[in-house]
Amino acid sequence: MLRYFKRKENSSVEGSSGTNRSLDSSPAKKTKKNDSNSEKHCPEINEKYPSDPGNRPSISSYHPNVQDEVRRYYLQKGPCQPRAHEFPITEFGRKKRRFVKEWFDDFPTWLEYSIKNDAAYCLCCYLFKQGGGDTFVGDGFKNWKKKSIVYGHIGGPNSTHNKAQRNCEALLNQKQRIETILSNHTSQDRIDYQTRLSASIGVVRILLKQGLPFCGHDESENSNNRGNFLEILEWLCGYNEDIKAVTLKNAPENLKLTSPDIQKDIVSAISIEIVNTIASELGDSLFAILVDESRDMSSKEQMAIVLRYVDDGNVIERFVGIEHVTNTNAITLKEAIDDFLCRHGLSISRLRGQGYDGASNMRGELNGLKTLILNENKCAFYVHCFAHQLQLALVAVAKNHDLVSDFFTLVGNVVNVVGASAKRRDILREKHGDDILEALENNELSSGQGLNQETSVKRTSDTRWSSHYDTLISLSRMFKSVIAVLEVVRMDGTSSEQKLEARVLLDYMRSYEFIFCLHLMRKVLGITNDLSKALQKKDQDIVNAMNLVTVCKERLQAMRESGWDSLLAQITIFCEKHSIEVLNMDECFVAQGKSKRNAQVITNLHHYRVQLFYTVIDNQLQELNDRFNEKNTELLLCMSCLNPRNSFSAFDKEKLIKLAQYYPQDFSAHDPEVLDDQLENYIVDMRSNIEFFELKGITDLAKKMVQTKKDVTYPLVYLLLTLALILPVATASVERVFSAMNIVKTRLRSRMGDEFMNDCLISYIEKDIFTSIDDEAIMQRFQNMKSRRGQLPL
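No experiment lies behind these values; they were computed from the predicted model shown.

Visitor: Account for a positive patch on the surface, with residues named and values stated.
Guide: A surface patch of like charges, here positive, comprises Lys95, Arg97, Lys145 and Lys146. In this structure, arginine 97 sits in strand E2 (residues 95–97). According to the relative accessible area criterion, arginine 97 is partly exposed, its value standing at 31%.

Visitor: An account of the sheet that holds strand E8 (residues 351–356) is needed here, citing residue identities and associated values.
Guide: One open sheet holds the five strands; their spatial order is E7-E6-E5-E8-E9, and the pairing between them is mixed. Every interior strand has two partners, whereas the edge strands, strand E7 (314–324) and strand E9 (381–384), have only one. Across the sheet, the mean angle from the axis of one strand to that of its neighbour is 25°, orientation sign disregarded. When strand E6 (residues 301–311) meets E7, the two strands line up antiparallel, connected through ten bridges. Counted as the bridge partner of methionine 303 is glutamate 323 from E7.

Visitor: Help me get a handle on the packing of helix H27 (residues 653–661) against helix H28 (residues 671–688), residues and values and all.
Guide: Between H27 and H28, whose axes approach to 10 Å, the crossing angle comes to 145°. For the pair H27 and H28, the crossing hand works out as right-handed. Judged by residue contacts, Lys653, Leu656, Ile657 and Ala660 of H27 engage Pro672, Leu675, Asp676, Leu679 and Glu680 from H28. In terms of residue class, the contact of H27 with H28 is made up of six nonpolar, no polar and three charged.

Visitor: Go over helix H33 (residues 754–765), please, and point to the residues and values.
Guide: Its twelve residues place the ends of H33 16 Å apart at the C-alpha level, agreeing with the 16 Å of an ideal helix rising 1.5 Å per residue. For H33, the tally of buried residues reaches eleven of twelve residues, placing the bulk of the element in the interior. Buried within H33 are the following residues: Asp754, Glu755, Phe756, Met757, Asn758, Asp759, Cys760, Leu761, Ile762, Ser763 and Tyr764. Contact partners of the buried residues in H33: helix H8 (187–210), helix H11 (260–282), E6, E7, helix H32 (732–744) and helix H34 (767–772).

Visitor: Would you mind going over the environment of glutamate 587 in detail, with residue names and values included?
Guide: Tracing the backbone shows glutamate 587 in the loop between helix H23 (564–577) and helix H24 (604–627). Contacts of glutamate 587, omitting those with residues within four sequence positions, involve Ile602, Thr603 and Asn604.

Visitor: Tell me about the nonpolar core, and name the residues and values.
Guide: In this structure, Phe386, Phe407, Val482, Phe514, Phe516, Met639 and Tyr682 are the most contacted members of the largest nonpolar core, which totals 117 residues. Beyond its immediate sequence surroundings of up to four residues, tyrosine 682 is in contact with Phe648, Phe651, Leu701, Met705, Tyr714 and Val717. Membership of the second largest hydrophobic core comes to 77 residues, among which are Ala199, Cys237, Leu307 and Ile316.

Visitor: Before we move on, can you summarise the packing of aromatic side chains with the specific residues and values?
Guide: One pass over the full model with this rule turns up 35 aromatic pairs. Pairing phenylalanine 99 with tryptophan 144 gives two aromatic rings, centres 5.4 Å apart and planes at 80°, and the pair type is edge-to-face. Remark: tryptophan 144 occurs in the loop between helix H4 (135–139) and helix H5 (148–154) and phenylalanine 99 occurs in the loop between E2 and helix H2 (102–106); sequence separation between them is 45 residues. Residue classification places tryptophan 144 among the buried positions, given a relative accessible area of 4%. Plain terms: the ring middles of phenylalanine 613 and tyrosine 614 are 5.6 Å apart, the flat faces sit at 55° to each other, and that makes the pair tilted. Between lysine 264 and the ring centre of phenylalanine 756, over which it is positioned, the NZ or CZ distance is 5.6 Å. The positively charged end of arginine 788 is found above the aromatic ring belonging to phenylalanine 782, 3.8 Å away from the centroid.

Visitor: Outline the pairing of strand E4 (residues 119–122), supporting the account with residue identities and numerical values.
Guide: Both faces of E4 are covered, namely the face carrying Ala119 and Tyr121 and the face carrying Ala120 and Cys122. Two elements, strand E3 (residues 111–114) and E4, share four bridges in a ladder whose sense is antiparallel. Across the sheet, residue serine 114 finds its bridge partner in E4, namely alanine 119. If you look at the hairpin formed by E3 and E4, you'll find four residues sitting between the two strands, and aspartate 118 has a positive phi there, around 50°.

Calculation criteria
Residues numbered from 1 in each chain as written. Predicted model: local features only at pLDDT ≥ 70, side-chain atom pairs only at ≥ 80, totals over all residues. Heavy atoms only, no water. Patch = residues over 30% accessible without salt bridge, like charges linked within 9 Å, V, L, I, M, F, W, Y side chains within 5 Å. Areas by Shrake-Rupley, 256 points an atom, 1.4 Å probe, with all protein chains shown as cover. Salt bridge = Lys/Arg side-chain N within 4 Å of Asp/Glu carboxyl O. Lys, Arg positive; Asp, Glu negative; His and termini not counted. Charge placed at Lys NZ, Arg CZ, Asp CG, Glu CD. Helix = DSSP H or I, 4+ residues; strand = E, 2+ residues; numbered from the N terminus. Buried < 20%, exposed > 50% of the residue type's maximum accessible area, 1.4 Å probe, protein only. Pairing = 2+ DSSP bridges. Axes fitted to C-alpha atoms, helices over the stretch in contact; angles between N-to-C directions. Left-handed = near helix turned anticlockwise from the far one by under 90°. Contact = heavy atoms within 4.5 Å. Nonpolar A, V, L, I, M, F, W, Y, C, P; charged D, E, K, R; others polar. Expected span 1.5 Å × (residues − 1). Core = buried A, V, L, I, M, F, W, Y, C linked by side-chain atoms within 4.5 Å. Phe/Tyr/Trp six-rings, centres within 6.5 Å; stacked < 30°, edge-to-face > 60°. Lys NZ or Arg CZ within 6 Å of the ring centre and 35° of its normal.

The structure is reproduced here in structure tokens:
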């Protein structure tokens, strides 16, 4: 019999989500080499379903068992309608025509547009077409001068299009499904199914919000730990009799709704609802994109994508997805971004900003990611992450000055020696606890909730923001305890090398040079640390960021001019407290470990004030000036004129009109004249309106304009504000995604699939949207993803 009939592949009715965002089903893949259809192209099992109609394979290329699931995926997603896209112009004889986005309003349920092919398609006919022409399915419709053809495509009641549309409606109509008609489910069965599904969704909500794993190693009934999902569900049954009556042991064997596949489907449904909410919130608004890549626990390169946009004057940054990339070159990243934008109905023509780190594949002038995007959209201006630039400036100072470089190297050695074993860390905590108790008894420290917590000496890292400053803070606070641990190592070390290293570090830490570098760098890094924290705020804008950089430079300059005496006094107090010899600044400086022959005779004052104090601050100022050179660009100089501080003292009408010229896609040829008049009225109104006094930045200005309806009165001015706010400042939101990724995908969950991890991350990070989504929407999404044995109440 097998000669004439091919065995049908097993297909679970409840289904599984596997690694696909919404479906694990996919087109069939032929396995027999002697199959007559083996040469026919079929998409791979894990291939994503393309959003662009021009990239989709025919529905017949999918396995018959999963074609309905593919149809449900596209019907739930809706037709591809990139309304914000800049549609290209095509010449028809002497006339120029292009696709008109208003056609989407005329045919909202089925008309699609392919950015790749610049052609229109019919979603219903793609999914259910049987016979008829191939214009709206194969090559696509491109005759923009004849809209009547689009109306003609609909045809009469029994046309191919209308039949396909009725099939689409029937597929998503639960009442008309074969499973519903043939099932003998009573009303009570449907209510029980809804209760059971609602309980599973509730458990999934808890696990997603906490970033916890779902499954256990042994989920059998005899297991003492069946995994978080089953354990929480069982606990819930103990406190709710209604749920207990229809769940776990009391549920049908083939409809328990507790399998890993069902769990993944629920997570996928939640993730889709969250992303759809973000897309709905974004709408056709302008936006910027923040991108970075990092390796996950299983050493896969993951690219995180965050969208930045303005909603009612508020700057919003939303995480929308993480993509696995096999290569981190610019072309691969660009293709992944294009695919992502298309999949979510976003157009690169609405992109107005790019935020990346300083890697060559990102910011390369010839083939970098920012250049590839700028080639398509000249208004998508790139900003090098300010927080990365600041960290690079700090690292450069720490490495380029010999004494400072030696200081941080030895500080790293101290941290390594003190934290080399659990025994040493215990000694450090014990000594530090005794020091705190002694200080409290002497009223040197204040007590209270959250104060004087147990801590340790932190490590420095060139790539971890503020790590150098945190290390110096912890080292100065635990100085006495660290010395005590080094004394223990010097006396009781297991080898002569350990004893020698501890003795060298003790001698260095008890030197005046170490104490001077400790306080100097702590003071310098403390000034820049305030800037680093401010740059990492989600609602930070580019104008305020540049003001903060200026403030940082002014504080460093003030420290250079008048901070020497106060710094020297702090160092003297610290040395006296820890019995360290204080140098006489008028005596000759003696360099340790260097020959005195032909050495320049200088005083201690010259060495520490000129060669250290002045040089370090000058190097820091020079690095900040070199790194933050965006202030010299015309674009940011124009944006700074929007600053409302000091009664809009920075206002410059000519520069703001020039700013509009940087965005030709948003301002027409006649808008500069209108903008000129609006700016005249705007500045008089702002300076005379008490509600706009003492605003701190353009973010506050945008919010106040929305509150007072001034955004309607001066729409072009508000558009300039929006463009300035969209421009990204730092990629801190993307870095937070990677921190969350390390929480969600741990060593014990290293085999987690890419799509499941993406769905978990979206739910874990965007908790505010997740909380706002009700269970009913999740249940409907879950139910329509594929055929289910259970049915919801009609």
